[in-house]
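Report on the structure
Each chain is listed here by its residues.
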Amino acid sequence: MQSQNSDSKQRTWTDIATQFFLGAALGLVFSLIPLFCISVSTLSLTTIQIVALAVGLAAFCATLSAIFGNRFLSLLTTVLDSVPPVS
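Conventions we followed
Per chain, residues are indexed from 1 in the order of the written sequence. Thresholds applied to this predicted model are a pLDDT of at least 70 for local features of residues and 80 or more for the giving and counting of side-chain atom pairs; totals over whole chains, interfaces and linings are not thresholded and use all residues. Values reported for side chains reflect all heavy atoms of the structure, with hydrogen atoms and water molecules removed beforehand. Strands are runs of DSSP state E lasting at least two residues, helices are runs of H or I lasting at least four, and both sets are numbered from the N terminus onward. For the exposure calls, accessible area comes from a 1.4 Å probe over protein chains only, and a residue counts as buried if that area is under 20% of its type's maximum, exposed if over 50%, partly exposed in between. Contacts: residue pairs with any heavy atoms within 4.5 Å of one another. The method behind every accessible area is Shrake-Rupley, applied with a 1.4 Å probe, and residues are considered shielded solely by the protein chains displayed. In a helix, the anticipated span is given by 1.5 Å times the number of residues less one.

A tally of helices and strands in the protein yields four helices and zero strands. The secondary structure elements of the protein, listed N-terminal to C-terminal, are α-α-α-α. The proportion of buried residues among the 87 residues of the protein is 20%. The contacts of the protein with a sequence gap of at least 6 include a subset with a gap of at least 24, amounting to 76%. Summed over all atoms, the accessible surface of the protein reaches about 6700 Å², with 68% contributed by carbon and sulfur.

A rise of 1.5 Å per residue sets the reference length of helix H3 (residues 47-68), with its 22 residues, at 32 Å; its end C-alpha atoms lie 31 Å apart and thus fit the reference within 8%. In the segment just after H3, glycine 69 is the residue with positive phi, at about 75°.

A word on the environment of leucine 45. Relative to the helices and strands, leucine 45 is located in the loop between helix H2 (40-43) and H3. Residues contacting leucine 45, with those up to four places away along its chain left out, are Ile50 and Leu53.

Put into structure tokens, the structure is as follows:
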């Protein structure tokens, strides 16, 4: 006897790739927000370190969004919506 879960929808490779790239884009935006609020000279980090942190966070968010799908993307957009606007 096989149990079938009709609630879960199988994701296609295009869905996973789309969610991966959306997660990467949102992760990159999320990692660059502090650069608009804080002067780079006060961070005492080199440009290479800042770029490495941004790419690392983007890759982390992309991987999590490919694994968890829309659940992670909705959580990430909720966090980005709660960030106050920079003036």
